[in-house]
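Each chain is listed here by its residues.
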Amino acid sequence: MNRERLTIMIEIAVMAGLALVLSFVKFGALWAMGGSISLVMVPIFLLAFRRGLKVGLLTGLLVGLLGLVTGPTIVHPVQLVLDYPLAFMVLGFAGLFASRQAVPKISYIVLGLVLATVLRFLSHFASGVIWFGQYAPDGMNPSVYSFLYNLSYLLPEMLITLAIILFLARSYSQFFKAGKTSTVLSS
């Protein structure tokens, strides 16, 4: 195993572990059926912007799988996939906006973060419409309920994560070093 590949694997393990720890640091606990505002997305986005799409997807997948080990809410096997591995894996799509420059442009960071969070939202939204729509208040459409429920925690979490990522990009730009990893993990 070459040194760069080993370094990437260690970074993935450390960031997935950090994301798991940060998932327990929650701001508010208003959501009865899951969902919370935490810093879980920060390490996934950092690695996606640092190392690119493949590494971002793998890190997100590992974070989602770790979430399954730490007390998930499961009502159906497909819901399990939508709310855990898939919802966090799609955060790695921010890696599409990784830059070969020392630091991705602010516009790339914002676009990547928004795109990936929207994909996570869609995963939770589908799960909410299909399996958790029964919890909608009487007379409320399950789609509207799922939209509002998931938006109520993902929007603030996205904004907090964006603020942290932008702060890190400005203060610790060396962390966002360009890395060529498209062939490293596939070798």
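Above this note sits the structure.
Cut-off values and rules
- Residues numbered from 1 in each chain as written.
- Predicted model: local features only at pLDDT ≥ 70, side-chain atom pairs only at ≥ 80, totals over all residues.
- Heavy atoms only, no water.
- Patch = residues over 30% accessible without salt bridge, like charges linked within 9 Å, V, L, I, M, F, W, Y side chains within 5 Å.
- Areas by Shrake-Rupley, 256 points an atom, 1.4 Å probe, with all protein chains shown as cover.
- Salt bridge = Lys/Arg side-chain N within 4 Å of Asp/Glu carboxyl O.
- Helix = DSSP H or I, 4+ residues; strand = E, 2+ residues; numbered from the N terminus.
- Buried < 20%, exposed > 50% of the residue type's maximum accessible area, 1.4 Å probe, protein only.
- Phe/Tyr/Trp six-rings, centres within 6.5 Å; stacked < 30°, edge-to-face > 60°.

Student: Is there a simple way to explain a nonpolar patch on the surface in this structure?
Tutor: Residues Met140, Val144, Phe147, Leu148, Leu151, Leu155 and Leu159 make up a contiguous nonpolar surface patch of about 550 Å² in total accessible area. Positionally, Val144 belongs in helix H6 (residues 142–171). In this structure Val144 comes out as partly exposed when scored by relative accessible area, which is 39%.

Student: It is not clear to me how the packing of aromatic side chains should be interpreted in this structure. Could you clarify?
Tutor: The description of two aromatic rings rests on the distance between their centres and on the angle between their planes. Tallying each qualifying case throughout the model produces nine aromatic pairs. Their ring planes at 20 degrees and their centres at 5.8 Å tell us that Phe121 and Phe125 sit as a pair that is stacked. With Phe121 and Phe125 both in helix H5 (residues 106–131), this residue pair falls four residues apart, about one helical turn. We classify Phe121 as buried; its relative accessible area is 12%. A relative accessible area of 23% means that Phe125 is categorised as partly exposed. Pairing Phe175 with Phe176 gives two aromatic rings, centres 6.1 Å apart and planes at 85 degrees, and the pair type is edge-to-face. For Phe175, a relative accessible area of 29% puts it in the partly exposed group.

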